[in-house]
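# Observations on the model geometry
Spelled out, the chains give:
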Amino acid sequence: MTSSTTPGLARFNTLADDEATTALHEVCASAAWGRAILSRRPYTTAEALLGASDAATAALTTQELADAMASHPPIGRPKPGDPTSSREQRGMAGATEELKAEMLELNLAYQERFGHVFLICATGATGEQMRDAVKSRIGNSPEQERGNVRTELGKINRIRLTRLVTEGE
């Protein structure tokens, strides 16, 4: 990231509040997170924006964290017509039918245990890496897993915000 305002960041800073809210909702479905980011505009650097995202993610309540996760599809099943989830889950695209079936089974077991979708920053991860991650995390306590989910959400939000303020540059 650069130390000065980029054209994409300047564009984000000057969006009308409703347009910025819509754009932020595409990054993270938590309205509380979006309000926190919006309230600190304008940002002088992309790093300042990412720092605000980290702080907003860390401040999410359990319910707000659940709201954020609600828009994330299960690994291996990106939302039809959603280029973001397809791009992020690219590592599952070439997976064998056996691996896809295993991920479906693991996703269901995880969701039954924790009451929410398995959340991982899938960008750049292979299907095998995602499978291994769910296998290693399914034995966590709910408290440990909330911490993991918050960390993974923070990574996803950073990637998506970076894309938001650098697209078209």
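I will try to describe carefully the structure that is included in this document.

Conventions used here
Residues numbered from 1 in each chain as written. Predicted model: local features only at pLDDT ≥ 70, side-chain atom pairs only at ≥ 80, totals over all residues. Heavy atoms only, no water. Helix = DSSP H or I, 4+ residues; strand = E, 2+ residues; numbered from the N terminus. Rg over C-alpha atoms; globule rule 2.2 N^0.38 Å. Buried < 20%, exposed > 50% of the residue type's maximum accessible area, 1.4 Å probe, protein only. Contact = heavy atoms within 4.5 Å. Areas by Shrake-Rupley, 256 points an atom, 1.4 Å probe, with all protein chains shown as cover. Arc of directions from axis to C-beta. Axes fitted to C-alpha atoms, helices over the stretch in contact; angles between N-to-C directions. Parallel < 35°, antiparallel > 145°, perpendicular 65-115°, else oblique. Left-handed = near helix turned anticlockwise from the far one by under 90°. Core = buried A, V, L, I, M, F, W, Y, C linked by side-chain atoms within 4.5 Å.

What follows covers the overall build of the chain. Counting secondary structure elements, the chain contains 10 helices and 0 strands. In the chain, the succession of helices and strands from N to C terminus is α-α-α-α-α-α-α-α-α-α. Whereas a compact globule of 169 residues would reach a radius of gyration of roughly 15 Å, the chain reaches 17 Å, a difference of no more than 12%. C-alpha extents for the chain along the principal axes are approximately 45 × 35 × 25 Å. Taking all 169 residues of the chain together, the buried fraction comes to 42%. Intrachain contacts of the chain at a sequence separation of at least 6 include 71% that bridge at least 24 residues. When the accessible area of the chain is evaluated, it comes to approximately 8700 Å², of which 53% is carbon and sulfur surface.

Right, let's get into unusual backbone geometry. At the junction of arginine 41 and proline 42, the peptide bond is cis and its omega measures out at 0° in the coordinates. Locating proline 42 in the fold gives a position in the loop between helix H3 (31-39) and helix H4 (46-59).

Before going further, it helps to examine the environment of leucine 104. Relative to the assigned elements, leucine 104 resides in helix H8 (residues 97-114). Overall, leucine 104 belongs to the partly exposed group, its relative accessible area being 36%. Once the C-alpha coordinates of leucine 104 and alanine 93 are considered, the two residues, 11 residues apart in sequence, prove to be 14 Å apart.

Our next topic: the environment of isoleucine 37. Locating isoleucine 37 in the fold gives a position in helix H3. For isoleucine 37 and leucine 24, which are 13 residues apart along the polypeptide, the C-alpha to C-alpha distance reads 8.1 Å. For isoleucine 37, the residues in contact, after removing those within four places along its chain, are Phe12, Leu24, Tyr43, Leu49, Ala52, Ser53 and Ala56.

A few words on helix H9 (residues 127-137). When H9 is considered as a whole, its buried residues turn out to be Gly127, Met130, Arg131, Ala133, Val134 and Arg137. All buried residues of H9 fall inside an arc of 160° around its axis, so they share one side.

Quick look at the packing of helix H5 (residues 62-69) against helix H10 (residues 142-166) now. The geometry of H5 relative to H10 is characterised by a closest axis approach of 11 Å and an angle of 50° between their N-to-C directions. Here H5 is positioned oblique relative to H10, judged by the angle of their axes. In the packing of H5 onto H10, the handedness of the crossing is left-handed. Facing Thr62, Leu65, Ala68 and Met69 of H5, the residues of H10 in contact are Arg146, Val149, Arg150 and Leu153.

On to helix H2 (residues 17-27). Within H2, the full set of buried residues consists of Ala20, Ala23, Leu24 and Val27. The buried residues of H2 occupy one face: seen down the axis, they fall within an arc of 100°. The exposed residues of H2 that point more than 90 degrees off its buried face are Asp18, Thr22 and Glu26. Of the surrounding elements, those touching the buried residues of H2 are helix H1 (7-14), H3 and H10.

Here we take up the side chain of glutamate 88. For glutamate 88, the location among the structural elements is in helix H6 (residues 83-88). Sequence-distant contacts of glutamate 88, defined by excluding residues within four places in its chain, comprise Ala122, Thr123, Ile156 and Arg160.

Let us look at the nonpolar core. In this structure, Phe12, Trp33, Ile37, Leu49, Ile75, Met103 and Met130 are the most contacted members of the largest nonpolar core, which totals 41 residues. Within the residue set of this core, elements represented by two or more residues are H1, H2, H3, H4, H5, H8, H9 and H10.

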